[in-house]
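Next come the chains, spelled out residue by residue.
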Amino acid sequence: MPYVPKQYDSAKDFLGSESLHLGNITDPMDSMRLLAYNLYDDLYSNRPDSYRVALRTDSDVEIYLPSTSKIVDATARFLAVDFDFQVKGGENLTGVEKLLRDTWKREAIANRSIKGKKSMLTRGDLLWHVTADPRKEVGKRLSLNTIHPSSYFPIEDPENAMRVIGCHLVDLVADPREATKSTNKLVARRQTYRKEPNGQISSEAMTFELGAWDDRSLAADKLKPVSIIWPKKLLPPQIKTIPIYHFPNNEPDGSSWGMSQVAGIEYIINALNQSITYEDLTLTLQGLGVYVSTAGPPKDEGGNPGVYKLHPGNVVEISQGDEFSRVSGVSSVSPWQDHLSFLDAWALQGSGIPEMATGTVDVSVAQSGIALALKMGPIIAENADKQLTIGGKWEQLGYDLIHGWLPAFEGVDSPATIFTPTFGDPMPLDRDAYVKELIELYSSGLLLIDEVREKLEKIGYKYSSDLTEKLLEETNKKATAEMGEPKPDELGADAPDLMDTLAGTNGSKKTMKLVT
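Residues numbered from 1 in each chain as written. Predicted model: local features only at pLDDT ≥ 70, side-chain atom pairs only at ≥ 80, totals over all residues. Heavy atoms only, no water.

Draft legend 1. Focus on the packing of helix H1 (residues 28-45) against helix H4 (residues 109-123). In contact at an axis separation of 8 Å, H1 and H4 are set at 120 degrees when each is read in the N-to-C sense. Contacts between H1 and H4 involve Tyr37, Tyr40, Asp41 and Tyr44 on the former and, on the latter, Lys118, Thr122 and Arg123. (Axes fitted to C-alpha atoms, helices over the stretch in contact; angles between N-to-C directions. Helix = DSSP H or I, 4+ residues; strand = E, 2+ residues; numbered from the N terminus. Contact = heavy atoms within 4.5 Å.)

Below is the structure:
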């Protein structure tokens with residue numbers, strides 16, 4: 001999977017030292033990618049390890065605004081909303097859907113997908129890993145988990161850099177040779193998936209000395225294995241795809257790796273933090289004050305120089321002719337506030353986020369459908385592009401579950417079943433206007449009552465199976481109460497019934513003539 005040479009250059013001044021990898025990463029672009037993940041994680045969590053502000057005095061207090069989390073959370077709020085799936089067709093559709101629904105609930109996929117899209121926007125990449133444990137009872141063997149992209153190192157096809165034929169999952173663990181010793185020595189644990197010549201997927205896991213595991217770039221004699229966790233084994237033949245699914249964000253042309261949602265505005269974020277820190281220092285100095293005097297320092301009884309005591313109720317004594325006064329400082333912080341607002345506005349605009357997406361709502365805009373669409377247009381359009389990628393990856397993952405993992409580990413085979421991810425409408429909804437429109441369409445005869453109910457269910461209304469009968473009964477009662485229902489004795493004993501009327505007779509009297 002290739003990189004664009006300058007893919008992470010906008011964050012280069014904030015990436016920190018490669019020593020963070022402990023010498024475990026040999027490829028320079030992999031190293032820069034992992035440092036970028038570390039930076040963007042710090043930015044989102046407001047950990048200033050990688051991007052500290054410059055201090056002017058020892059008394060400065062560092063202030064860091066949560067700019068990254070505001071941008072990421074606002075974008076995620078309108079991305080892949082109400083994620084779910086549908087399955088259609090196949091001879092064992094019921095069995096497949098039950099297994100998938102149970103897996104979705106057990107593995108908390110809905111909750112993890114919400115957290116996952118925020119991670120994807122923050123770091124630029126998200127990974128889902130499918131595994132199975134045949135020792136568990138049937139129906140509970142599959143697992144889906146997200147993994148940190150810093151552990152993922154794909155193996156490229158030598159003839160096509162965009163095609164992945166394997167991957168390494170690498171993390172650091174305690175050296176198994178030092179298990180009985182009180183040392184902190186670490187080794188690299190590497191799990192490897194590969195596509196074998198026969199089409200099957202193999203899996204193996206080993207530990208290596210730090211920096212001596214990457215067979216993608218190191219010669220065989222440079223590899224330094226430590227131990228075998230499990231030897232090479234083949235996954236079931238039904239599984240044809242490496243079970244790692246990569247979701248990139250805003251990947252540039254020519255690269256398969258994504259980019260953070262705040263890539264390119266790192267300097268603006270840094271400037272915001274620097275400016276608010278300076279403003280805080282300015283207010284502090286304005287409150288305490290800075291003083292100037294032509295007199296020397298105060299002296300104690302022994303004639304030794306001391307310090308001025310500036311506190312309420314204290315009097316500063318100076319000689320006649322000397323001066324002691326407060327320096328006129330900044331009288332207003334409005335310039336700072338204007339500057340901060342300017343920087344913050346550009347950070348949001350550069351990310352395609354309107355103020356409404358962050359919770360700042362103009363009622364007149366919110367109540368106007370056209371104005372709302374224009375305001376939300378940029379973020380909705382950009383997220384629609386991201387959703388194409390997310391939907392495509394989930395469609396691939398669902399296909400592999402139905403055609404590979406379910407038959408192999410759960411004994412459910414339904415090759416004609418189709419998996420389709422579904423998403424809700426991200427545009428904010430005016431419920432009152434929506435319900436009013438549905439009622440008007442129904443009253444005009446343009447919608448059936450079942451269609452109205454179906455649309456109302458999408459915005460939170462619940463419909464029970466016996467509701468139709470209850471509604472009909474209630475409608476009949478209302479009609480009877482309004483129109484009244486005549487009693488038979490009020491009409492007289494000779495009153496005709498409906499069949500007599502339609503037949504045209506009531507005993508010997510003509511009551512109605514049928515026209516044919």
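Read on for the rest.
Draft legend 2. Expanded view of the sheet that holds strand S7 (residues 201-208). If you trace the 5 strands from one edge of the open sheet to the other, you get S4-S5-S6-S7-S8, paired in antiparallel fashion. Sheet topology places strand S4 (152-157) and strand S8 (225-234) at the edges, where each strand pairs with a single neighbour. In this sheet, neighbouring strand axes are inclined to one another by 20 degrees on average, regardless of whether the strands run parallel or antiparallel. Of the strand pairs in this sheet, strand S6 (residues 186-195) and S7 are connected by 8 bridges, and their pairing is antiparallel. Residue pairing across strands places Lys195 opposite Ile201, the latter belonging to S7. (Pairing = 2+ DSSP bridges.)

Draft legend 3. Focus on the pairing of S6. The pairing of strand S5 (residues 160-174) with S6 spans 9 bridges and is classified as antiparallel. When the sheet's bridge partners are listed, Leu169 is paired in S6 with Gln191. In textbook terms, the turn of a hairpin is the stretch between consecutive antiparallel strands, and for S6 and S7 this stretch comprises 5 residues, one of which, Gly199, has a positive phi near 95 degrees.

Draft legend 4. Quick look at the sheet that holds strand S9 (residues 244-248). Taken in spatial order, the 3 strands line up as S3-S2-S9 in an open sheet, and their pairing is antiparallel. This sheet does not close on itself; its edge strands, each paired only once, are strand S3 (142-147) and S9. Direction aside, the axes of adjacent strands within the sheet are offset by 20 degrees on average. Where strand S2 (residues 125-132) and S9 come together, 5 bridges link them in antiparallel fashion.

Draft legend 5. Quick peek at the nonpolar core. Counting 78 residues, the largest nonpolar core has Leu100, Trp128, Ile244 and Trp394 as the members making the most contacts within it. In terms of residue count, helix H8 (residues 369-410) provides more of this core than any other element does, 11 residues in total. Setting aside anything within four residues of it in sequence, one finds Leu100 in contact with Phe85, Val87, Leu401, Ile402, Leu406 and Phe419. If you look at the next biggest cluster of nonpolar residues, it comprises 5 residues, including Leu438, Leu447, Val452 and Leu456. (Core = buried A, V, L, I, M, F, W, Y, C linked by side-chain atoms within 4.5 Å. Buried < 20%, exposed > 50% of the residue type's maximum accessible area, 1.4 Å probe, protein only.)

Draft legend 6. Helix H6 (residues 334-350), seen in detail. In a regular helix each residue adds 1.5 Å, so 17 residues correspond to 24 Å; H6 covers 24 Å between its end C-alpha atoms and thus fits that length. Restricting attention to buried positions, one finds in H6 the residues Leu340, Leu343, Ala347 and Leu348. Down the axis of H6, the sector holding all buried residues measures 135 degrees, keeping them to one side. Exposed residues on H6 whose side chains face more than 90 degrees from its buried face are Pro335, Asp338, Phe342, Gln349 and Gly350. Directly after H6, the chain includes Gly352, whose backbone phi takes a positive value near 70 degrees. (Expected span 1.5 Å × (residues − 1). Arc of directions from axis to C-beta.)

Draft legend 7. Region of interest: the packing of aromatic side chains. This structure, assessed with the given rule, holds 14 aromatic pairs. Seen in terms of ring centroids, Tyr3 and Tyr8 are 6.4 Å apart; in terms of plane orientation they differ by 65 degrees. Their pairing is edge-to-face. Since its relative accessible area comes to 17%, Tyr3 is described here as buried. Classification of Tyr8 by relative accessible area gives buried; the value is 3%. Ring plane angle 15 degrees and centroid distance 5.2 Å describe the contact between Phe85 and Phe419, whose orientation is recorded as stacked. (Phe/Tyr/Trp six-rings, centres within 6.5 Å; stacked < 30°, edge-to-face > 60°.)

Draft legend 8. Examining the pattern of salt bridges more closely. Inspection of every chain in the model, using the stated rule, returns 24 salt bridges. With a shortest N-O distance of 3.5 Å, Arg33 and Asp30 are connected by a salt bridge. Here Arg33 and its partner Asp30 are both found in helix H1, 3 residues apart, which amounts to about one turn of the helix. Across this residue pair, the class does not change: Arg33 and Asp30 are buried. We note a salt bridge from Lys98 to Asp102, for which the minimum N-O separation is 2.9 Å. With Lys98 and Asp102 both in helix H3 (residues 93-106) and 4 residues apart, this pair spans about one turn of that helix. In this structure Lys98 comes out as exposed when scored by relative accessible area, which is 53%. If you follow the salt bridges from partner to partner, you end up with Asp30, Arg33, Asp214 and Arg216 in one network. (Salt bridge = Lys/Arg side-chain N within 4 Å of Asp/Glu carboxyl O.)

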